[in-house]
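Each chain is listed here by its residues.
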Amino acid sequence: MARGKGKRGGGRGSGKRFAAQSAEEIEQRNARLEAFDAARAKRRADADDDKDDDDDGSVDSAQRDAEREAMLVGRRVAGISVGDGGEGGEDGEWVEKEYKPKGLEGLIEVDNPNKAKVKMTKLKDMDGSGAAPMTRKEREEKEKEAKAAAYRKRHEAGLTEEYKRDSECVTSLFVLLHYILVFV
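Residues numbered from 1 in each chain as written. Predicted model: local features only at pLDDT ≥ 70, side-chain atom pairs only at ≥ 80, totals over all residues. Heavy atoms only, no water.

Caption draft 1: Focus on the overall build of the chain. Of the regular secondary structure elements, the chain holds 5 helices and 2 strands. Tracing the chain from N to C terminus, the helices and strands come up as α-α-β-β-α-α-α. Sequence-distant contacts, at least 24 apart, represent 0% of the contacts inside the chain between residues at least 6 apart. Total accessible area on the chain stands at roughly 18000 Å², and carbon and sulfur atoms take up 54% of it. (Helix = DSSP H or I, 4+ residues; strand = E, 2+ residues; numbered from the N terminus. Contact = heavy atoms within 4.5 Å. Areas by Shrake-Rupley, 256 points an atom, 1.4 Å probe, with all protein chains shown as cover.)

Caption draft 2: Representation of the pattern of salt bridges within the structure. Per the counting criterion, the structure on display carries 1 salt bridge. A salt bridge links Arg136 to Glu140, with the nearest nitrogen and oxygen atoms 3.3 Å apart. Residue Arg136 and its partner Glu140 are located together in helix α4 (residues 136-157), separated by 4 residues, close to a single helical turn. Take Glu140: its relative accessible area is 39%, and that puts it in the partly exposed class. (Salt bridge = Lys/Arg side-chain N within 4 Å of Asp/Glu carboxyl O. Buried < 20%, exposed > 50% of the residue type's maximum accessible area, 1.4 Å probe, protein only.)

Caption draft 3: Broad picture of the confidence of the model for the chain. Averaged over every residue, the pLDDT of the chain is 77; the share at 70 or more is 71%. Averaged over each element, pLDDT in the chain is lowest for strand β1 (residues 80-82) (49) and highest for α4 (93). The low-confidence segment residues 84-90 (pLDDT under 50) makes 4 contacts with residues lying over four places distant or belonging to another chain. (pLDDT = per-residue confidence, 0-100.)

Caption draft 4: View of a nonpolar patch on the surface. Together, Leu176, Tyr179, Ile180, Val182 and Phe183 make up an exposed nonpolar region whose accessible area comes to about 530 Å². Tracing the backbone through its elements, the reader meets Ile180 in helix α5 (residues 161-183). (Patch = residues over 30% accessible without salt bridge, like charges linked within 9 Å, V, L, I, M, F, W, Y side chains within 5 Å.)

Caption draft 5: Structural detail: the side chain of Thr160. Examined against the element boundaries, Thr160 turns out to sit in the loop between α4 and α5. For Thr160, a relative accessible area of 2% puts it in the buried group. At 3.2 Å, the side chain of Thr160 and the backbone nitrogen of Tyr163 are in polar contact. In contact with Thr160, other than residues within four places in its own chain, are Tyr151, Arg154 and His155. (Polar contact = N/O pair within 3.5 Å; in protein donor to acceptor, adjacent residues only side chain to side chain.)

Caption draft 6: Main features of the layout of surface pockets. Of the pockets and cavities examined, the second largest pocket occupies roughly 160 Å³. Lining the second largest pocket are Asp111, Asn112, Pro113, Lys115, Ala116, Lys117 and Val118. Each residue belonging to the lining of the second largest pocket can be placed in one class, and the counts come to 3 nonpolar, 1 polar and 3 charged. (1 Å grid on protein atoms, 1.4 Å probe; cavity = no way out; pocket = protein on both sides within 12 Å on 5 of 7 lines; lining within 4 Å. Points joined across faces, edges and corners; volume = space filled by probe spheres on them. Nonpolar A, V, L, I, M, F, W, Y, C, P; charged D, E, K, R; others polar.)

Caption draft 7: Quick look at the environment of Leu159. Counting through the fold element by element, Leu159 comes out in the loop between α4 and α5. Classification of Leu159 as exposed rests on a relative accessible area of 57%. Dropping the residues within four chain positions of it, Leu159 is found in contact with Arg154 and Lys164.

Caption draft 8: Region of the structure containing a negative patch on the surface. Taken together, the side chains of Asp46, Asp48, Asp49 and Asp50 present a region of like negative charge at the surface. You can see Asp49 is positioned in helix α1 (residues 23-54). (Lys, Arg positive; Asp, Glu negative; His and termini not counted. Charge placed at Lys NZ, Arg CZ, Asp CG, Glu CD.)

Written out as structure tokens, the structure is:
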């Protein structure tokens with residue numbers, strides 16, 4: 001759908017602009033904006049005071065418990081848990097948790113379809129003796145070099161059309177040069 005201007009000058013972010021007809025209208029607008037700014041500053045000051053009252057440097061127990069619960073849930077999801085001091089050693093020590101299947105997962109084997117499959121490698125690929133197949137570009141480049149070498153070899157032997165034309169030109173030049181030298 002097009003987002004251009006409609007019949008009434010609508011569009012993205014283009015509302016009506018303030019167009020003052022007189023100095024009184026400008027004063028009224030300024031007074032309205034000052035009142036709005038003052039109310040905004042008061043609301044912000046009240047909000048800052050509320051934050052300062054709550055943040056006295058100590059975390060209440062409900063918030064601490066909620067943070068700890070969130071941390072434990074996150075670790076449970078990751079399959080790792082933090083010892084509470086008595087079970088796994090010192091506090092903060094990582095203890096791997098044994099995975100226990102939930103629900104029917106223990107009875108039915110379910111594979112994750114998004115998990116990358118393990119690619120089987122063949123023995124001939126592992127020893128490295130077999131050369132890796134060339135890419136199309138490598139193969140074409142090698143063929144081009146082989147053709148150029150074969151053409152160069154035929155050219156040196158005098159079997160190419162280019163060589164024959166060049167030799168005819170050279171012989172005609174020699175004949176012309178000889179003619180000039182003899183008769184001049």
